[in-house]
Amino acid sequence: MFIFPASITQTIHDPAKLNLPMNISSFQSLPTIFEVGGVSIPAVGFGTFQGDNGNSKVKDVVLTALRNGYRHIDTAAAYGNEKEVGETIKESGLPRSEIFVTTKLAQTWHDPEDVEEALDRSLRDLQLDYENIHLTGHQPLGGKPVAAVNPNANRPGPLSDPNIAEIASAYGKSPAQVLLSWAVQRGTSVVPKTVNAHRMIKNRDLFRLKDEHMEEINSLAEKKGALRFLDPRDHIGFDIFREDVDEPVEGTKKGFFSSFEEEGRKHQHYF
Ligand SMILES: NC(=O)c1ccc[n+]([C@@H]2O[C@H](COP(=O)([O-])OP(=O)(O)OC[C@H]3O[C@@H](n4cnc5c(N)ncnc54)[C@H](OP(=O)(O)O)[C@@H]3O)[C@@H](O)[C@H]2O)c1
């Protein structure tokens, strides 16, 4: 088990370390691994949060992702799919050592005395002896909010941004590939989620952007104003990003969570 440190400090290019597939030619000039506190994290992972669609197809998509070369799977206790992810990893036949697994401490288990049990439960559900990263700051509701950036109003998301579209066409790539490449090139590990096999393949087919395009993308938020495209109000019932409306979990409105009782403990299915 590894607790994720505050920041990624160094990048290295050593795909052999995790036996990652090497057949992705356009990806080779970008880091494929980030080295964080002595842990090698694949730069591109696969996100498994299925949102309102639920987890009935999550095994299929995780298996398809593994078959398409993904070796980093991002799950969370609160996604309600650790069990399915664990089963799929087992059924894939891939050695455990080749797969990097991230999961997250659910928001209702943040008390220090609960953490160990929560870890044990995640390991049990994942059917693993160890996780590579256990993120402890998942859903920090009831604490101080993390960002004072307004949720998206009417602006197109980055995938529909005309500047991104222009950069994408200059390389013959999609906006998603540009955005994921930008993130990896700046040193951020990404975990794109898709249920579409074609997109899965494209989302790993990343490439190095010219400096001018990196700078252009870096400056977009400054030019257009920073926006957050995650708006949890419909799910949670209040805006977790606004300090003046931040509330502890027990004060949240019932019905906004898809929650269930397990051994007396309330879990929430929310990113
Ligand atoms: N958002 C969060 O707050 C959060 C928090 C913690 C962790 N995560 C992790 O991050 C993962 C991704 O979350 P997210 O919020 O970034 O994504 P998301 O909004 O949950 O899902 C990505 C969306 O982009 C679409 N998409 C994927 N590849 C695409 C492509 N190449 N071109 C166009 N559209 C594409 C997907 O549609 P299809 O599936 O239909 O292709 C989906 O609608 C989660 O699954 C989870 O593992 C997210």
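Because the structure is a prediction, the values reported are computed rather than measured.

## Regarding the overall build of the protein chain
Of regular secondary structure, the protein chain possesses eight helices and nine strands. Across the 271 residues of the protein chain, 33% fall into the buried class. Taking as baseline every contact in the protein chain between residues at least 6 positions apart, the subset at least 24 positions apart corresponds to 70%.

## Structural notes on the pairing of strand β2 (residues 33–36)
The pairing of β2 with strand β3 (residues 39–42) spans four bridges and is classified as antiparallel. Directly across from Ile33, in β3, lies its bridge partner Pro42. What sits between the antiparallel neighbours β2 and β3 is a turn of two residues, in which Gly37 has the positive phi angle 55°.

## Observations regarding helix α5 (residues 175–185)
Counting buried positions along α5 yields nine of eleven residues, so the element is predominantly enclosed. Here α5 has its buried residues at Pro175, Gln177, Val178, Leu179, Leu180, Ser181, Trp182, Val184 and Gln185. Elements in contact with the buried residues of α5: α4 (162–171), α6 (197–204) and α7 (211–224). One or two steps after α5, the chain reaches Gly187, where phi turns positive at roughly 100°.

## Re the nonpolar core
Formed by 34 residues in total, the largest nonpolar core has its most connected members in Val62, Ala65, Ile73, Val101, Val178 and Val184. Of all the secondary-structure elements, those providing two or more residues to this core are β2, α1 (58–67), α2 (82–92), β6 (100–104), α4 and α5. Not counting the four nearest positions on each side in its chain, Ile73 is found in contact with Gly45, Phe46, Thr48, Val62, Val85, Ile99 and Val101. In this structure, Ala76, Ala77, Tyr79 and Ala118 belong to the second largest nonpolar core, which totals eight residues.

## Observations concerning the confidence of the model for the protein chain
This prediction gives the protein chain a mean pLDDT of 78; 68% of its residues lie at or above 70. Segment residues 142–148 is flagged for pLDDT under 50; beyond a separation of four residues in sequence, or across chains, it makes 13 contacts in the model. Confidence drops under a pLDDT of 50 for residues 248–271, and excluding neighbours within four residues, the segment shows 39 contacts in the predicted structure.

## Remarks on helix α3 (residues 112–126)
Across its 15 residues, α3 extends 22 Å between first and last C-alpha, which sits within 8% of the 21 Å expected from 1.5 Å per residue. The elements touched by buried residues of α3 are α2 and β6. Once α3 ends, the next one or two residues include Gln127, with phi positive near 55°.

## Describing the environment of Met214
Among the structural elements, Met214 can be located in helix α7. Taking the C-beta count within 10 Å as the criterion, Met214 has 16 such neighbours and is therefore assigned partly exposed. For Met214, the contacting residues outside a window of four places in its chain are Trp182, Gln185 and Leu209.

Cut-offs used in this document
Residue positions are given per chain, counted from 1 along the sequence in the order it is written. Only residues with pLDDT of 70 or above have their local features reported here, since the model is predicted, and side-chain atom pairs are shown and tallied only from 80 upward, although totals for entire chains, interfaces and linings are computed over all residues. Here a helix means four or more residues in a row that DSSP labels H or I, a strand means two or more in a row labelled E, and each is numbered from the N terminus. Burial in this document is a count-based property: other C-beta atoms within 10 Å of a residue's C-beta are tallied, and the residue is buried at 20 or more, exposed at 12 or fewer, or partly exposed in between, with C-beta positions derived from the backbone. Residues are treated as contacting if the C-beta atoms built from their backbones sit within 7 Å of each other. Pairing between two strands requires that DSSP report at least two bridges joining them. For this analysis, nonpolar core means a set of buried Ala, Val, Leu, Ile, Met, Phe, Trp, Tyr and Cys residues linked through C-beta atoms within 7 Å. The quantity called pLDDT is the predictor's confidence in a given residue, expressed from 0 to 100. By this rule, a helix spans an expected 1.5 Å times one less than how many residues it contains.

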